[in-house]
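One-letter residues, chain by chain:
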Amino acid sequence: GLSILFASPKELSGGGRHQRFSERLLRQNTWTSYTNDDACGGEKCTYGGVFAIIFPAVTGIMEGANLSGDLKDPGKDIGRGTLWAVLTAFIVYTLLMVACGGAFDRATLTGNENVLQD
């Protein structure tokens, strides 16, 4: 994930190119530019459509609440653990978005679905 900040530039097997992290790329990728995409039914993707894809990624946090029987003080620990999990996930996802935005051009981010695997 965050190793893309330090990796050498290279061509990606799924198309596009990994470049060194740059402020110029980050600025170019900062503002929205929704385009027609098969993932959005061939129509222009919207914020809501993108959010619907990302939202399930953080819902697994509730799994911690299901393990409450293993905690010493569930009444206090569930709330604290859930808040820490949400905060940690938010920080990691934010860092990953900034790292990708500064290391890949928009065409690579929108055209290569396996950009983080390459």
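Not measured: the values here are computed from a predicted model.

1. Digging into the overall build of the protein chain
Consideration 1: Along the backbone of the protein chain there are five helices and four strands.
Consideration 2: For the protein chain, the succession of helices and strands along the chain, N to C, is β-β-α-β-β-α-α-α-α.
Consideration 3: In the protein chain, which comprises 118 residues, the proportion classed as buried is 16%.
Consideration 4: When contacts within the protein chain are restricted to residue pairs at least 6 apart in sequence, those whose partners lie at least 24 apart make up 58%.

2. Here's the deal with a nonpolar patch on the surface
Consideration 1: Taken together, the side chains of Trp84, Leu87, Phe90, Ile91 and Leu95 make up a nonpolar region of the molecular surface, amounting to roughly 540 Å² of accessible area.
Consideration 2: Among the structural elements, Leu95 can be located in helix H4 (residues 74–103).
Consideration 3: Assessed through its relative accessible area of 45%, Leu95 is described here as partly exposed.

3. Quick word on H4
Consideration 1: Taking 1.5 Å per residue, 30 residues should reach 44 Å; H4 reaches 42 Å between its end C-alpha atoms and fits that length.
Consideration 2: Turning to H4, its buried residues number three or more, namely Ala89, Ala99, Cys100, Gly101, Gly102 and Ala103.

4. Digging into the confidence of the model for the protein chain
Consideration 1: With 85% of its residues at a pLDDT of 70 or more, the protein chain has an overall mean of 80.
Consideration 2: For the protein chain, helix H3 (residues 63–66) is the element with the lowest average pLDDT, namely 67, and helix H1 (residues 23–30) is the one with the highest, namely 91.

Parameters and conventions
- Residues numbered from 1 in each chain as written.
- Predicted model: local features only at pLDDT ≥ 70, side-chain atom pairs only at ≥ 80, totals over all residues.
- Heavy atoms only, no water.
- Helix = DSSP H or I, 4+ residues; strand = E, 2+ residues; numbered from the N terminus.
- Buried < 20%, exposed > 50% of the residue type's maximum accessible area, 1.4 Å probe, protein only.
- Contact = heavy atoms within 4.5 Å.
- Patch = residues over 30% accessible without salt bridge, like charges linked within 9 Å, V, L, I, M, F, W, Y side chains within 5 Å.
- Areas by Shrake-Rupley, 256 points an atom, 1.4 Å probe, with all protein chains shown as cover.
- Salt bridge = Lys/Arg side-chain N within 4 Å of Asp/Glu carboxyl O.
- Expected span 1.5 Å × (residues − 1).
- pLDDT = per-residue confidence, 0-100.

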